[in-house]
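Coordinate analysis (summary)
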Amino acid sequence: LLHQVSKIQTRSSDFSLLSRQLSSNSNFMNTQYIDVSEEVRCALFEGKPVVTLETAILTHGMPNPTNVETALRVQEIVRENGAVPATIGIIKGRIKVGLDDDTLIRLGTVKTDTFKTSYRDLPFVLSQKLNGGTTVSTTLTVSKAVDVPVMVTGGIGGVHRGGETTMDISADLVELGCTPVGVVCSGVKSILDIERTLEFLETQGVLVASFGPTKDFPAFYSRESGQLSPYNVNTSEEAAGLIHVMRNSRLRSGLVIAVPVPQESAIPRDEMEEIIKVAVSKANESGIRGKEITPYVLSQVAKSTAGRSLSTNVALIQNNAAVGAKIAVDLAKQNF
Ligand code: PSU
Ligand code: MN
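Cut-offs used in this document
Residues numbered from 1 in each chain as written. Chains lettered and ligands numbered in written order. Predicted model: local features only at pLDDT ≥ 70, side-chain atom pairs only at ≥ 80, totals over all residues. Axes fitted to C-alpha atoms, helices over the stretch in contact; angles between N-to-C directions. Helix = DSSP H or I, 4+ residues; strand = E, 2+ residues; numbered from the N terminus. Parallel < 35°, antiparallel > 145°, perpendicular 65-115°, else oblique. Left-handed = near helix turned anticlockwise from the far one by under 90°. Contact = placed C-beta atoms within 7 Å. Buried ≥ 20, exposed ≤ 12 C-beta atoms within 10 Å, placed from the backbone. Pairing = 2+ DSSP bridges. Expected span 1.5 Å × (residues − 1). Arc of directions from axis to C-beta. Core = buried A, V, L, I, M, F, W, Y, C linked by C-beta atoms within 7 Å. Near = placed C-beta within 6 Å. Nonpolar A, V, L, I, M, F, W, Y, C, P; charged D, E, K, R; others polar.

Helix-helix packing is described using two parameters, namely the angle between the two axes and the distance between the axes. At a minimum axis separation of 9 Å, helix H12 (residues 269-285) and helix H13 (residues 293-304) run at an interaxial angle of 135°. Judged by the angle between their axes, H12 and H13 are oblique. Crossing angle aside, the handedness with which H12 passes H13 is right-handed. Only Ile 293, Tyr 296, Val 297, Gln 300, Val 301 and Ser 304 of H13 make contact with H12, whose side of the interface consists of Ile 275, Ile 276, Val 278, Ala 279, Val 280, Lys 282 and Ala 283.

Dropping the structure here:
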């Protein structure tokens with residue numbers, strides 16, 4: 001019994017040490033607004049591979065019930081590939097790292113009063129004790145605050161078409177520029193201006209590497225964008241190597257590992273282009289602005305492809321989850 005008690009004591013003092021480490025880690029974000037689940041806390045303490053997952057896709061990017069099914073499946077895939085999933089979302093003004101299934105299902109089902117929470121929205125959502133799906137920009141910030149170096153999403157935000165006049169540039173790009181976390185995604189949606197997005201990432205100091213044999217920067221629904229990625233890696237070890245050096249050398253910025261959608265689920269680029277043009281001009285005509293644009297265009301595209309774009313979206317996120325988990329596993333090895 002004594003042995004057990006002392007084990008428990010060590011454990012709980014270990015945990016308080018961990019919490020102190022976590023809050024002092026942040027000249028970044030104070031962890032007092034963050035609750036880390038027991039499972040994720042243990043994994044972090046034991047140096048096990050962890051992958052963070054965003055929830056703006058769950059709350060604003062996909063229709064119900066596909067959103068919930070996908071979020072749950074993505075967590076399973078992360079586990080099957082040897083890492084611990086940490087889905088991040090905001091519940092009544094508390095940032096949760098590692099949502100339990102019931103909470104995740106509720107967040108993806110009851111959509112009234114649920115905020116698409118980008119970095120700039122945090123003071124409002126937290127102080128008003130609201131629920132929120134976290135975009136890549138917020139998820140990155142929280143990942144850094146709890147010291148998880150790998151996050152997975154479908155596609156990051158980017159420079160919007162016409163961004164040179166509207167200045168609609170996703171906060172994802174700016175946070176990537178000052179948050180040393182590796183983001184595994186399928187590039188940016190072709191609803192965006194891909195060339196300018198890559199330029200902006202370069203300016204922010206964000207390394208972009210495509211993953212696998214395709215040298216093109218992927219365009220979310222399509223494997224190619226017509227723009228080359230500045231770098232290319234072929235294995236999860238190589239990708240982990242990039243993240244390891246980025247962190248170990250204390251660089252300020254993050255990096256993007258761009259994984260093309262699996263061939264069998266891809267939609268050809270020229271086919272997507274027409275559909276997207278229509279959706280973007282419909283958004284303009286209907287006066288859709290700011291944070292509403294991405295969810296609106298995604299839903300229009302899903303409608304006009306009769307759900308095909310949604311299946312592609314699901315397939316690419318699942319694939320990214322597998323790749324992200326493998327990278328986290330290899331990174332955990334390099335960190336020892
Ligand atoms: N990837 C998807 N669906 C999405 C998004 C990404 O497959 O809905 C979300 C991400 O959360 C990303 C956000 O951070 O869209 C970008 O929104 P905006 O363009 O308003 O910055
Ligand atoms: Mn925007």
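A few words on the pairing of strand E3 (residues 84-91). Along any regular strand, the residues point their side chains to alternate faces of the sheet. The buried count for E3 comes to seven of eight residues, which makes it a mostly enclosed element. In terms of strand pairing, strand E2 (residues 50-53) meets E3 through four bridges, oriented parallel. Across the sheet, Val 50 pairs through a bridge with Val 84, a residue of E3. Bridge analysis of E3 against strand E4 (residues 94-97) gives four bridges, and the strand direction is antiparallel. Paired with Ile 91 across the two strands is Arg 94, which belongs to E4. Linking two consecutive strands that pair antiparallel, namely E3 and E4, is a turn of two residues; a positive phi of about 45° is found at Lys 92 within it. Where E3 lies against strand E6 (residues 131-134), two bridges are found, and the strand directions are antiparallel. In the sheet register, Ile 90 faces E6, and the bridge partner there is Gly 132.

This brings us to helix H4 (residues 66-80). Think of an α-helix as 3.6 residues a turn; residues three or four steps apart then line up on the same face. Taking 1.5 Å of rise per residue, 15 residues should cover 21 Å, and H4 covers 20 Å from first to last C-alpha, within 8% of that figure. Among all positions in H4, only Asn 67, Thr 70, Ala 71, Val 74, Gln 75, Ile 77 and Val 78 are buried. Across the axial projection of H4, the buried residues extend over an arc of 160°, all falling on one side. For H4, the exposed residues lying more than 90 degrees away from the buried face are Glu 76 and Glu 80. Buried residues along H4 sit in contact with E2, helix H3 (56-61), E3, helix H5 (101-109) and helix H14 (308-334). Downstream of H4 by a residue or two, Gly 82 has a phi angle that is positive, lying close to 95°.

Now for the nonpolar core. Within the largest apolar cluster, 95 residues are counted, with the highest numbers of intra-cluster contacts made by Val 50, Val 51, Val 183, Val 256 and Ile 257. For this core, the element with the highest residue contribution is H14, accounting for eleven residues. Ignoring anything within four residues of it in the chain, the contact list for Val 183 reads Val 136, Leu 140, Met 151, Thr 153, Ile 156, Leu 176, Gly 254 and Val 256.

Time to look at the site of ligand 1. The environment of ligand 1 is formed by 19 residues, the closest being Ala 56, Gly 61, Gly 154, Gly 157 and Ser 170. Sorting the residues of the shell around ligand 1 by element identifies H3, helix H9 (171-176) and H13 as the ones contributing at least two each. Tallied by class, residues from the shell around ligand 1 come to five nonpolar, eleven polar and three charged.

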